[in-house]
Amino acid sequence: MKTKIVLQAITIFLLAQISHQIAAQARLSVSGGYITDQRDFYNPAGFTTADGCTIDANIRFNSKKKFQWGASFGYHSVFATEETKILPTYTTTRFESESNYKSLMIGFDYFLSKRTTLKPYVGLDAGIYFLSFRNSVYSSDRSFLLTTRYAVTPNAGVMYDFTPKMSVLLNGKLSSLTNNNGHTNFLLGISAGLSFKMD
């Protein structure tokens, strides 16, 4: 029920933004990079650091001189392994943990300066992460889980204008993910990409 309400709120927000900002300048950004899971309960002690890749796309609309509002979509995949020797034969067993997240967020960016070609900014997004999780031994699936998490993601970055229409960006973010039981884990990521102005 909570997921349905959040999805409806995101849809209403996006429709309102599109209807009020239809004539405004929009910016489309695509980025990719590195992500690590900061102590999820699916990654117990003894496992290697759960890390992997992140891919994000977002669209932003200008609302004020230094503010941009809009939506972001992402795919984030983290992987961890553990090798254990089992007595009495000391046979090595390999355990694997894989988490894949798809995110749908709404949020804003605030530019600290827009008068130069180098533009630092901070931002905040909130929304939903859809998680699929696989736990296996020697790549043989043992368990599979689908769940939803509610997320708040502060971020900071810098954008450099190559041309009036195209920019490169570097971004760091920390996503706080909470499930229905109140458990929270964190995804820390850094990414680089391109941003395009759409008139």
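This write-up is about the structure you can find in this document. (Residues numbered from 1 in each chain as written. Predicted model: local features only at pLDDT ≥ 70, side-chain atom pairs only at ≥ 80, totals over all residues. Heavy atoms only, no water.)

1. Let's talk about a nonpolar patch on the surface
What counts here: Note that patches include only residues with greater than 30% relative accessible area and no salt bridge, and the join distances are 9 Å for like charges and 5 Å for nonpolar side chains (Val, Leu, Ile, Met, Phe, Trp, Tyr). In these tables, accessible area is a Shrake-Rupley quantity obtained with a 1.4 Å probe, and a residue counts as shielded only by the protein chains included in the view. Take a side-chain nitrogen of Lys or Arg and a carboxyl oxygen of Asp or Glu: if they are within 4 Å of each other, that pair is a salt bridge. The numbering of helices and of strands both runs from the N terminus, where a helix is a DSSP run of H or I of at least 4 residues and a strand a run of E of at least 2.
Residues Leu28, Val30 and Met198 make up a contiguous nonpolar surface patch of roughly 230 Å² in combined accessible area. Mapped onto the fold, methionine 198 is located in strand β8 (residues 184-198).

2. A few points about the environment of isoleucine 55
For clarity, the threshold we go by: A 1.4 Å probe rolled over the protein chains alone gives each residue an accessible area, and that area as a share of the maximum for its type sets the label: buried under 20%, exposed over 50%, partly exposed in between. In this analysis, two residues are considered to be in contact whenever any of their non-hydrogen atoms come within 4.5 Å of each other.
As for its position among the elements, isoleucine 55 is in strand β2 (residues 51-62). Residue class for isoleucine 55 comes out partly exposed when judged on its relative accessible area of 46%. C-alpha of isoleucine 55 to C-alpha of histidine 76: the two residues are 21 residues apart in sequence and 6.4 Å apart in space. When near neighbours in sequence (up to four residues on either side) are disregarded, isoleucine 55 contacts Ser31, Gly32, Phe73, Gly74, Tyr75 and His76.

3. Overview of the pattern of salt bridges
Under the definition given, this model contains four salt bridges. Linking aspartate 56 and lysine 173 is a salt bridge whose minimum nitrogen-to-oxygen distance equals 2.9 Å. Taken as a pair, aspartate 56 in strand β2 and lysine 173 in strand β7 (residues 166-178) lie far apart in primary sequence, 117 residues in all. Like aspartate 56, the residue lysine 173 is buried in the burial classification. The salt bridge partner of aspartate 125 is arginine 60, with a shortest N-O separation of 3.2 Å.

4. Description of the side chain of histidine 76
The criterion, for reference: What qualifies as a polar contact is a pair of N or O atoms within 3.5 Å, subject to a donor-acceptor requirement within protein and to the restriction that residues adjacent in sequence count only when both atoms come from side chains.
Its place among the elements puts histidine 76 in strand β3 (residues 67-86). Here the side chain of histidine 76 touches threonine 54 through a polar contact of 2.7 Å, side chain to side chain.

5. Here's the deal with the nonpolar core
Let me state the cut-off plainly: To qualify as a nonpolar core, a set must consist of buried Ala, Val, Leu, Ile, Met, Phe, Trp, Tyr and Cys residues joined through side-chain atoms within 4.5 Å.
Ile35, Val78, Tyr101, Met105, Tyr129, Leu131, Phe133, Ala151, Leu177 and Leu187 form the largest nonpolar core, which has ten residues in total. Taken together, the elements giving at least two residues each to this core come down to β4 (91-111) and β5 (118-137). Residue contributions to this core peak at three residues, all from β5. Ignoring anything within four residues of it in the chain, the contact list for leucine 187 reads Ile35, Thr36, Asp37, Tyr101, Tyr129, Lys173, Leu174, Ser175 and Leu177.

6. What to know about the side chain of asparagine 100
Tracing the backbone shows asparagine 100 in strand β4. Under the relative-accessibility criterion, asparagine 100 is labelled buried at 15%. A distance of 3.2 Å separates polar atoms of two side chains, one belonging to asparagine 100 and the other to tyrosine 75. Within the structure, asparagine 100 has its side chain in polar contact with the side chain of serine 77 (distance 2.6 Å). Not counting residues within four places of it along the chain, the set of residues in contact with asparagine 100 comprises Tyr75, His76, Ser77, Phe130, Leu131 and Ser132.

7. Here we look at the packing of aromatic side chains
The condition that has to hold: Aromatic pairs are defined between Phe, Tyr and Trp rings, using the six-membered ring for Trp, whenever the two ring centres lie within 6.5 Å; interplanar angles under 30 degrees are classed as stacked, those over 60 as edge-to-face, and all others as tilted.
Applying the stated criterion across every chain yields a total of seven aromatic pairs. A centroid spacing of 6.5 Å and a plane angle of 15° characterise the contact between phenylalanine 67 and tryptophan 69, whose relative ring orientation is stacked. Here the aromatic rings of phenylalanine 67 and phenylalanine 108 are separated by 6.0 Å at their centres, their planes lie at 50°, and the arrangement is tilted. Taken as a pair, phenylalanine 67 in strand β3 and phenylalanine 108 in strand β4 lie far apart in primary sequence, 41 residues in all. Look at phenylalanine 108 and you get partly exposed, because its relative accessible area is 22%. Linked through ring pairs, Phe67, Trp69, Phe108 and Tyr110 together constitute an aromatic cluster.

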